[in-house]
Structures are given as C-alpha cells and as structure tokens.
Amino acid sequence: MLDLKQLYQGFRDPDTIASFAEDIAKCARTLKEPINIMEVCGGHTHTIMKYGLLDLLPENIEFIHGPGCPVCVMPKERIDQAALLAQQENVILVTLGDMIRVPGSQGSLASFRAKGCDIRPIYDPLDTLKIARDNPDKTVVFFAIGFETSTPMTAVLLQLAEQEKLANLLFHINHVLVPPAIDAVMQDPKARVNAFIGPAHVSVISGAKIYRPAVEQYGTPVVVSGFEPVDVMESILRIVRQKAAGTARLEIQYSRAVSEEGNLAAQAKVNQFFQTRPQFRWRGLGPIPNSALELKPEYAHRDAELHFKDRLPVKEIDDHKACQCGDILRGLAKPKDCKVFGRGCNPETPLGSCMVSSEGACNAYYRYQGIDSKEPHHG
C-alpha cells in the first residue's frame with residue numbers, strides 16, 4: 001500500500017530547495033526586466049507562504065496571486081441564490097466544505113443553517129446520492145462549485161442520479177474554467193503578469209494543452225507545477241531560464257501527474273453533461289464570456305436555476321467597500337494592502353471570500369505571516 005509520506009518524500013528537502021534558490025539567483029542576474037509570476041492556484045500560494053519561498057528569491061522575481069480559488073471567485077448573488085434555495089420549503093441544500101462560510105449579501109450559508117435551514121456541507125459529492133435516497137419527500141439541491149478539477153465528480157453524480165431515477169435531486173451549477181480567467185487577467189490594462197505557474201490538479205484533468213493559447217497570445221511562459229516546495233522552486237527556475245533566453249514556452253514540471261492531453265475519460269464525461277455558459281460573473285473579475293459551464297438542455301429537468309427561476313435573485317452585488325478581494329484576485333493588490341486585513345476581516349469573521357477559503361490568498365497571509373509582520377524580504 002502506498003504510504004502518504006511517499007507522495008512528498010524528497011520534495012521538501014532543504015538542500016534541494018537551497019540548490020534551486022542558488023540557481024535561480026544566478027540566472028536572475030542576467031534578466032533584463034523583473035519577472036512577475038502569477039500562481040493561478042491558491043494551493044501554490046499556500047506552499048509559497050508556508051515554506052517561506054519568497055525569502056529565497058531575488059528582488060527581481062515577484063509573485064502575483066491569481067483567481068484560482070473556486071470559493072474566492074464566487075459572486076455574492078450566486079451565494080444569495082443558494083441561501084434562497086435553502087429557505088424553500090422541503091429543500092435540502094448540499095455543497096462542498098469552504099463554500100458554507102463565504103459571505104453573501106445577506107450572510108453566509110452557515111448563518112442560514114444556524115437559522116434552521118437544512119444546509120449540509122460535504123467533502124465527497126457522491127454523498128449527495130445518499131441524502132437524496134434517504135429523503136424522497138424533499139428536494140435536494142447540489143450547489144456545485146469548482147474548476148476543471150471537480151467538474152467530473154459532478155458529472156458522475158448527475159449520471160448516477162439519472163441511472164437511479166432520483167427525481168428529487170437537482171443541480172445549481174457554478175463550475176468555472178481557468179483559461180478565460182487568465183485571459184481576463186491579461187487583458188486588464190493594469191496587468192503586470194509576465195509568467196504563470198499553471199495549476200496542478202486542474203491540469204491533471206484538462207491537460208497542459210489548455211494553456212498553450214495563453215503562451216502564444218501573450219508571450220508568457222507557463223510552467224505547470226506540483227504543490228511541494230521543490231516543485232515550485234524548480235518551476236520558478238524553469239521560468240527564469242525561459243525569460244533569460246528570451247523565450248516563452250509551455251512546460252510541465254509536474255510530469256508525475258500531468259500530461260499534455262490530460263484525463264480524456266474525465267473530459268468526455270464532462271462534455272456529456274455540460275456545455276459552455278455564454279457568460280458568468282466572477283467575484284473580483286466581473287463578467288467573463290464562456291468562462292463557466294451549465295447543464296446541457298437534455299438535463300434541464302435537473303437544473304435548479306430553471307426549476308426555481310421565478311424566485312432566484314439575479315441582481316449583481318459587489319463586495320464590501322472596504323474589502324480589496326477583487327483587486328487581489330486580479331493581481332493588482334496584495335492581502336496586506338487591504339486596510340481591513342486581519343482586523344475587520346479574519347478567518348473567523350471574513351468580509352471577503354479570499355479570507356474564507358483554505359486556498360485564499362488572504363487566508364494564506366494571515367495563517368503564515370499574521371497581521372503586523374512586514375512583507376516577505378527578497379534575497
């Protein structure tokens with residue numbers, strides 16, 4: 001049986017990390033301009049902060065935190081829709097972990113649960129099947145979230161619901177896509193990003209190929225990285241070498257899990273049940289065309305948005321004025337630029353979604369740096 005330690009053995013080795021840091025510093029001295037790397041995935045943000053990788057890098061390499069946290073990019077009106085669904089008579093709302101604590105305009109799903117709504121956080125979407133089976137007199141709504149990583153699980157859940165003819169199981173789909181988010185970041189006139197660390201888990205499903213258009217259109221290196229500190233340091237070195245050579249390529253550092261084509265079976269399952277939504281509003285990024293998924297017309301009978309169409313709020317709602325989560329998700333600000341960071345906003349009483357999620361940038365800064373410490377020293 002595979003031991004958990006085998007998954008990271010050697011990938012947290014201090015000597016290897018130090019060796020990469022030395023090679024990065026040496027190569028970075030030849031750079032003609034600074035490198036601003038966006039790590040799209042919040043998992044990479046936490047690795048960078050937890051292991052103090054910023055302190056190992058020279059001054060001309062900076063990280064810009066991206067919108068790759070599915071909880072963080074969920075706009076308030078979608079959370080309000082979930083809350084309203086939970087308030088309907090004989091409805092059970094089911095959703096994944098962190099989503100229950102993200103604030104909407106009327107409060108979080110956790111606050112509505114405290115008021116008596118039947119809201120159930122789960123960690124395996126297939127647990128929803130048992131809930132639907134055990135409650136045939138209730139309408140069970142799965143509030144589905146996530147990037148390309150988790151969409152296949154929702155597709156399998158839908159397939160099993162169809163096979164079992166569980167008529168009481170509906171879906172509120174909020175699955176979003178990474179490439180359009182990268183486009184939205186790069187098309188912002190204020191964007192400073194000139195290199196990307198590509199998400200790991202997303203790429204296992206979608207394949208590294210989805211980033212090739214960004215490389216070609218924006219001339220930015222993209223290196224798909226694993227989550228361990230050695231993975232990230234090697235990926236940084238690959239980016240620095242590309243920049244020093246004046247090239248822009250797509251590379252797969254995380255080759256032990258990611259391929260060019262990805263998981264074709266999972267992709268086929270997603271394509272069986274979902275189609276691209278014409279437009280979806282992202283928290284912090286605004287409306288992005290073709291950036292999310294929706295159920296295909298033949299599964300309209302499972303669509304909670306259609307079933308409860310006349311009751312769901314659709315008005316767009318912005319974040320609290322004091323919250324800079326939007327700027328952080330666009331890479332235009334750091335968590336500690338926000339005046340309420342760690343004071344009016346913390347993991348226990350979050351004003352914005354970036355502080356809620358375990359993948360959020362504000363959560364990472366708060367957890368590993370605290371409130372009053374200065375920004376990480378480079379070099």
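Now for the sheet that holds strand β3 (residues 91-96). Taken together, four strands build an open sheet; the order of strands is β4-β3-β5-β6 and the sheet is parallel. Either end of the sheet is taken by a strand with one partner, and the two such strands are β4 (119-122) and β6 (169-175). Direction aside, the axes of adjacent strands within the sheet are offset by 20° on average. One ladder, built from five bridges, connects β3 with strand β5 (residues 139-146); its direction is parallel. Considered in β5, the bridge of Ile-92 is made with Val-140.

Under the counting rule described, the total for this entry stands at two disulfides. For Cys-69, the disulfide goes to Cys-72, at an S-S distance of 2.5 Å. Because the sign of the S-S torsion sets the handedness, a value of about 70° for the bond joining Cys-69 and Cys-72 places this disulfide among the right-handed ones. Given a relative accessible area of 1%, Cys-72 falls into the buried group. Between the sulfur atoms of Cys-325 and its disulfide partner Cys-354 the distance amounts to 2.3 Å.

Each value, and the rule that gives it
Residues numbered from 1 in each chain as written. Predicted model: local features only at pLDDT ≥ 70, side-chain atom pairs only at ≥ 80, totals over all residues. Heavy atoms only, no water. Pairing = 2+ DSSP bridges. Helix = DSSP H or I, 4+ residues; strand = E, 2+ residues; numbered from the N terminus. Axes fitted to C-alpha atoms, helices over the stretch in contact; angles between N-to-C directions. Disulfide = S-S within 2.5 Å. Buried < 20%, exposed > 50% of the residue type's maximum accessible area, 1.4 Å probe, protein only.

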